[in-house]
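Tertiary structure, described
This is what each chain is made of:
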Amino acid sequence: MNSLRIFLLFALFSVSLSHEPFNSHLLPRPLILEYPHESSEEIRLQCTSWRFGVEANNLGPWKTIPVECAEYVRDYMTGRAYEIDLERVANESAIYSRNVELGADGNDVWVFDVDETLLSNLPYYVEHGYGLEVFDEMEFSKWVEKARAPAIMSSLKLFEEIQNLGFKTFLLTGRRESHRSVTVDNLINAGFQNWDKLILRGPNDHGKQATLYKSERRSEMVKEGYRIVGNSGDQWSDILGSEMSLRSFKLPNPMYYIP
């Protein structure tokens, strides 16, 4: 513990002498600089608080989960708690959708994100530390191209109910247009059928933050005469920005952050 404190103090002292402005998000930050009792219960409570901050959008940008929370995030993502949280979001979404009065023109839309909303990339993140590693786009693309991501079952049930109620279903994903074919195959193999639109990043969207990209696509929907009544996503960037839906639903995801 003393060596950890000395390392952190040295790192902060070095930054203070640097001529470059300090950016705390360049490197993973330790969640707990000093454990009051150095107990597993204290770590669990701190990690629970950190995850609450993630889901409430109270944290600044972050690139990896705290090292101290590796076991906590693993246990959450592979345990019953994650399933319960997903089911809670789906159930509340379904209750809301049943009470929406749809227009006669068929232009009421529910927007769904894909990754960690309809499809689960947990098999990939099991091999990559549940968010401990900085995101590697090339490695993730290799996983996407396998088209093996399983359905999030509570989301599949919601998706089917939304369609049966008469909503149009638009899938708005941060995946690249070059992954359209494998994404379609993966969705179909996972049980998703008959969506109305699948929107992926085109060449002009590369480099855009997700909030801007998805806002622009939603604006296009509205200009085309659609009403965005519901929106489901695991990132705040899926649901914030311009042309937000009448109601949005945030699925849990403590593994990564997309601005």
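Residues numbered from 1 in each chain as written. Predicted model: local features only at pLDDT ≥ 70, side-chain atom pairs only at ≥ 80, totals over all residues. Heavy atoms only, no water.

**Quick word on unusual backbone geometry**
- Phi is positive for Glu-116, which is not a glycine, with a value near 65 degrees.
- Residue Ala-147 is not a glycine yet carries a positive backbone phi of 55 degrees.
- Of note, Ala-147 is situated in the loop between helix 6 (137–144) and helix 7 (153–165). (Helix = DSSP H or I, 4+ residues; strand = E, 2+ residues; numbered from the N terminus.)

**Some points on empty space enclosed by the protein**
- Inspection of every chain in the model, using the stated rule, returns two cavities of 30 Å³ or more.
- Considered as a void within the structure, the largest cavity measures approximately 100 Å³ in volume.
- Element by element, the count of residues in the lining of the largest cavity is highest for helix 2 (residues 40–55), at three residues.
- Quantified by volume, the second largest cavity comes out at close to 50 Å³.
- Lining the second largest cavity, in full, are Leu-86, Val-89, Ala-90, Ser-93, Phe-112, Thr-117, Ser-154, Ser-155, Leu-158, Ser-232 and Leu-251.
- Within the residue set of the lining of the second largest cavity, elements represented by two or more residues are helix 4 (80–98) and helix 7.
- Considering every element that reaches the lining of the second largest cavity, the biggest residue donor is helix 4, with four residues.
- Here the lining of the second largest cavity is built from residues that sort into six nonpolar, five polar and no charged. (1 Å grid on protein atoms, 1.4 Å probe; cavity = no way out; pocket = protein on both sides within 12 Å on 5 of 7 lines; lining within 4 Å. Points joined across faces, edges and corners; volume = space filled by probe spheres on them. Nonpolar A, V, L, I, M, F, W, Y, C, P; charged D, E, K, R; others polar.)

**Some remarks on the layout of surface pockets**
- Taken as a whole, the largest pocket encloses approximately 1,100 Å³ of empty space.
- Taken together, 41 residues make up the lining of the largest pocket; nearest its centre are Phe-135, Gly-174, Arg-201, Tyr-257 and Ile-258.
- Every element with two or more residues in the lining of the largest pocket is listed here: helix 5 (122–126), helix 6, strand 2 (168–176), helix 9 (210–223) and helix 10 (236–239).
- Of the residues assigned to the lining of the largest pocket, the class counts are 14 nonpolar, 13 polar and 14 charged.

**Side note on the packing of aromatic side chains**
- Within the structure shown, the criterion is met by 16 aromatic pairs.
- Measuring from ring centre to ring centre gives 5.5 Å for Phe-135 and Phe-140, while their planes differ by 55 degrees; the resulting arrangement is tilted.
- Looking at Phe-140, the relative accessible area reads 11%, which means it is buried.
- Seen from their ring centres, Phe-159 and Phe-192 are 5.2 Å apart, and the 80 degrees between their planes marks the pair as edge-to-face. Note that Phe-159 is positioned in helix 7 and Phe-192 in the loop between helix 8 (180–190) and strand 3 (197–201), a separation of 33 residues in sequence. In terms of burial, Phe-159 and Phe-192 fall into one category: buried.
- Taken together through their ring pairs, the aromatic side chains of Tyr-96, Trp-110, Phe-112, Phe-159, Phe-167, Phe-192 and Phe-249 make up a single cluster. (Phe/Tyr/Trp six-rings, centres within 6.5 Å; stacked < 30°, edge-to-face > 60°. Buried < 20%, exposed > 50% of the residue type's maximum accessible area, 1.4 Å probe, protein only.)

**A closer look at the pattern of salt bridges**
- Scanning the entire structure with this criterion turns up 21 salt bridges.
- Among the salt bridges present, the one from Arg-98 reaches Glu-161, with a minimum N-O distance of 2.5 Å. Pair noted here: Arg-98 is in helix 4 and Glu-161 is in helix 7, with a separation of 63 residues, a long-range link.
- Glu-220 is paired through a salt bridge with Arg-217; the nearest N and O atoms lie 2.9 Å apart. Placement of both Glu-220 and Arg-217 in helix 9 is noted, with a separation of three residues, approximately one turn of the helix.
- Overall, Arg-217 belongs to the buried group, its relative accessible area being 12%.
- Counted as one network, the salt bridges with shared partners bring together Asp-205, Lys-208, Glu-216, Arg-217 and Glu-220. (Salt bridge = Lys/Arg side-chain N within 4 Å of Asp/Glu carboxyl O.)

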